[in-house]
Amino acid sequence: MAQMQTLAASTDAVQRLVLAEIAEGVALLDARDPVFALLDINPAGRTLLAHHRPALVGQPWASAFDPADAPALLAILRRVVATGESYTAHAYPCRRAAGRGAVYRDWKCVPVRDDAGAVERLMVIFTDATEQPQRRSGRAAQLEAIIGGMLDGVVILDLCGRVLETNEAGRALLNLTPDSHEPLLGEALAALCPRYADGRIFEAGDLVTAVLAGQTIADEEFVLGEPDGSVDTNKRAVSLSAAPVRDTQGQASGAVILLRDITAQKRADREKDAILSLIAHEVKSPLTAIKGFAQLATRAAQRGATGERITRHLQVVDQQSERLGRLVGELSDVGRIQQGRLQQELVDFDLALLTHTLVEQQRVTLTSHRLRLTIADAPLIVHADPHRIEQVITNLLTNAVKYSPEASDVTVTLARQGDTAHLAVRDAGAGIPRTELPRLFGRFYRAADTAAGHPGGLGLGLFIAREIVTGSGGRLWAESEEGQGSTFHVVLPLTGASLDSGQRRH
Ligand code: ADP
C-alpha cells in the first residue's frame, strides 16, 4: 500500500514536471461547471494566455479571452462534454482578454472521465501560432538571402519537376527570365543542349525524374553543347548535384538542384594538363640525348676510340644537362614567383660592364649570328641583383638568336636615358604578331608557330625576366612588327652614384 502511494506520488511528480517543461499550454477545466472554471494551468499555458495563475485559476475559462469570442468557445466545450469526443482545431483564432490577438495552433479539447465514465474535466491543450508565421518568414528571408547570394545556381523543384524557386545564378545558367513561369527543369536544361564531354547527350529529363524518385546526384558534369550536337570544350561547363526533398512526414515533396559553372575550372585543368605534358616533353628530349650520348661515349671508350670523339659526345651530354638544369631552374623560379618568394640580392653594380662581359662571352660560342654591341654611356650603376640581371640579358640574347634566321644581326645597345639605363636587344627575326604582344610575358606563353619550329623552351623565360626587372624598380617590354624583327627593352633606374659620375663612350 505504501509502495502504491509512493508510485502514485512519483507519477504525479513526473506529470507535473512534464507539464512544467513542455512548450504547449495545458489547462484543466471543470466540465460540470457551466462556465468551465479553470482548475489548473501549466506555466506555458499561463504565458500563452498572458495571465498569472492567481488571477486565472477558479475563473471561467472564457474570461481568459475577449468577451466577443466567448460564445463560440463555450459552444465547443459544451459539445465535447455532450459527445464525449475530443475536439481539435489546427488554427483557432481567438483574442486574448489581455488585449493582443492570438491564433492558437493545434487547439485540442480532450474529455477526462470519472470512474463512472462521465466527463468530469476537460483538458485543453494549445500552442500559440501568433509568432510562428513571423519566425518562419524571418527564417525564409534569411534562407532567401543566403541562396540569393550564392554563386552557384540553386533550383527548387516541385514533385512534377517544375522550377518553384531559383536564385539569380540559377536563372542565368538556365537562361530563365524573371517572368518565365514555373518552367520544367528538364525542358529548361534540354534547351541548353547539354552533353557529356565525350559528346553523349546529357538526358536532363531522366535525371530530374531520378531525383524526384529519391536518387541523389553528385557532381554530374556536362557542357552546354550546340544544337547540331557538336561539343566545344571552351563552352560553358556545368556541374550538377541534386537531392530529393522530403516533408516532415518523410514524404517526397520535390528536389533541390545545385548548378555550378565550372568553365573556368575546366579551362584551368586543361591548361595544367597542357603544361604538364609540355614539361614532360621538354624534359624528355634532353634526357634522351644525355642517355644516348653517354652510351655512345661509353661504347666509343670501350672500342678504344679517340679522345676527341669521346669528348664530342661528352660535350653534348654537358650541353643537354645544362638545358635540363635551365628548365628545372625556370620551374623553381616560377614556383617562387607564385609564392611571392623570388629573392633578389640587390647591390650596386655597373650594367655597362655586365652587358659588355655577357656579349663578349656569347661572341665566343655564337657563330650563327652577328652580335653587335653599342654602349653609349658607362659606367651605368644600377641597384639590382647582378646574377638575375645576367639571367634577363642572357634570356633576351638567347631568344633573339633562337627566333631569328642564321647569319642575321642581333644588336645590343645600352645608353643612359634621363635617370635610367636603357638596354635594347634587337633581332631581325620573324617578329611577334601585335595581337600576341600582350600575352608575351605571361606564364608558359609560346607563340604557336615558334613553339612548333624551334628547339623549345617552356615559355617561362620572359615571365621570369619581367619579374626580375620589375623587382628592381625597372621595366621590360617588347616592340615588334610581324616580319620586321623584335626589340626587347629593359629600363633600370640609375643610382645616385651613376647619376653623379661622368660619361664615357665605348
Ligand atoms: P621560351 O623558353 O619558350 O623561349 P620565353 O618566355 O623566353 O620562353 O619566350 C616566350 C615566347 O615568346 C617564345 O616561345 C616565342 O614564341 C616568343 N619570343 C620570345 N622572344 C622572341 C623573339 N625575339 N622573337 C620572336 N618571338 C619571341
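Before going into details, it helps to say that this report is about the structure given with it. On a predicted model such as this, the values are computed, not experimentally measured, just so you know.

## Considerations on the overall build of the chain
Helix and strand counts for the chain stand at 15 helices and 18 strands. Buried positions account for 39% of the 506 residues belonging to the chain. For the chain, restricting intrachain contacts to residue pairs at least 6 apart in sequence, the fraction spanning at least 24 positions comes to 59%. Total accessible area on the chain is roughly 28,300 Å²; 54% of this is exposed by carbon and sulfur atoms.

## What about the sheet that holds strand β16 (residues 420-427)?
Ordered by their spatial adjacency, five strands build an open sheet running β13-β15-β16-β18-β17, and the pairing between neighbours is mixed. At either margin of the open sheet sits one strand with a lone partner, and together these are β13 (370-375) and β17 (475-480). In this sheet, neighbouring strand axes are inclined to one another by 15° on average, regardless of whether the strands run parallel or antiparallel. Where β16 meets strand β18 (residues 486-493), seven bridges bridge the pair, whose relative direction is antiparallel. By the bridge assignment for β18, Ala-421 is matched with Leu-492. Across the sheet, helix α11 (residues 351-365) lies against β13, β15 (409-417), β16 and β18, angled at about 165° from β13, the strand it touches most. Against the sheet, helix α14 (residues 461-471) engages β17 and β18, with an angle of about 135° to β17.

## Some points on the environment of Val-211
Its place among the elements puts Val-211 in helix α8 (residues 204-212). Through-space distance from the C-alpha of Val-211 to that of Val-256 is 8.9 Å; in sequence the pair is 45 residues apart. Not counting residues within four places of it along the chain, the set of residues in contact with Val-211 comprises Ile-217, Ala-242, Ala-243, Pro-244 and Ala-255.

## Examining the packing of aromatic side chains
Summed over all chains, the structure comprises four aromatic pairs. Three or more aromatic residues joined by ring pairs make a cluster, and in this case those are Tyr-196, Phe-202 and Phe-222. Here Arg-200 stacks its cationic end above the ring of Tyr-196, 4.3 Å away from the centre of that ring. Above the ring of Phe-441, the side-chain terminus of Arg-466 is found at 3.9 Å from the ring centroid.

## A look at the sheet that holds strand β7 (residues 163-166)
If you trace the six strands from one edge of the open sheet to the other, you get β7-β6-β11-β10-β9-β8, paired in antiparallel fashion. Of all the strands in the sheet, just β7 and β8 (194-195) have a single pairing partner and so form its edges. Pairing between strand β10 (residues 237-246) and strand β11 (residues 252-261): nine bridges, direction antiparallel. Its bridge partner lying in β11, Ala-243 is registered against Val-256. Along the sheet face, α8 touches β6 (153-157), β9 (217-224), β10 and β11 and points at about 30° away from the line of β10.

## Re the side chain of Asn-167
Take Asn-167: it is sitting in the loop between β7 and α6 (168-174). Among the polar contacts made by the side chain of Asn-167, one reaches the main-chain carbonyl oxygen of Asp-152 at a distance of 3.0 Å. Beyond its immediate stretch of four places on either side in the chain, Asn-167 contacts Ile-147, Gly-148, Met-150, Asp-152, Gly-153 and Val-154.

The rules behind the values
- Each chain has its residues counted from 1, following the order in which its sequence is written.
- For a predicted model such as this one, the threshold for reporting local features is a pLDDT of at least 70, and the threshold for listing and counting side-chain atom pairs is 80 or more; totals across whole chains, interfaces and linings nevertheless cover every residue.
- Side-chain measures here rest on the full set of heavy atoms in the structure, leaving out hydrogens and waters.
- The secondary structure listing takes helices from DSSP runs of H or I that are at least 4 residues long and strands from runs of E that are at least 2 residues long, numbered from the N terminus.
- For the exposure calls, accessible area comes from a 1.4 Å probe over protein chains only, and a residue counts as buried if that area is under 20% of its type's maximum, exposed if over 50%, partly exposed in between.
- Here, two residues are considered to be in contact whenever any of their heavy atoms come within 4.5 Å of each other.
- Accessible surface area values rest on a Shrake-Rupley calculation with a 1.4 Å probe, where residue burial reflects the displayed protein chains alone.
- If DSSP finds at least two bridges between two strands, the strands pair.
- Axis definition: a line fitted to C-alpha atoms, limited for helices to the stretch in contact. Angles are taken between N-to-C directions and run from 0 to 180 degrees.
- Pairs were defined over the aromatic rings of Phe, Tyr and Trp, the Trp ring being its six-membered one, requiring ring centres within 6.5 Å. Orientation was assigned from the angle between planes: stacked under 30 degrees, edge-to-face over 60, tilted for the rest.
- Placement of a charge over a ring requires the Lys NZ or Arg CZ to be within 6 Å of the ring centre, with the centre-to-atom vector within 35 degrees of the ring normal.
- Contacts described as polar in this section are N or O atom pairs within 3.5 Å, which, within protein, must combine one atom able to donate a hydrogen with one able to accept it, while residues neighboring in sequence count only if both atoms come from side chains.

So far we have only geometry, and geometry alone does not tell us how the molecule works.
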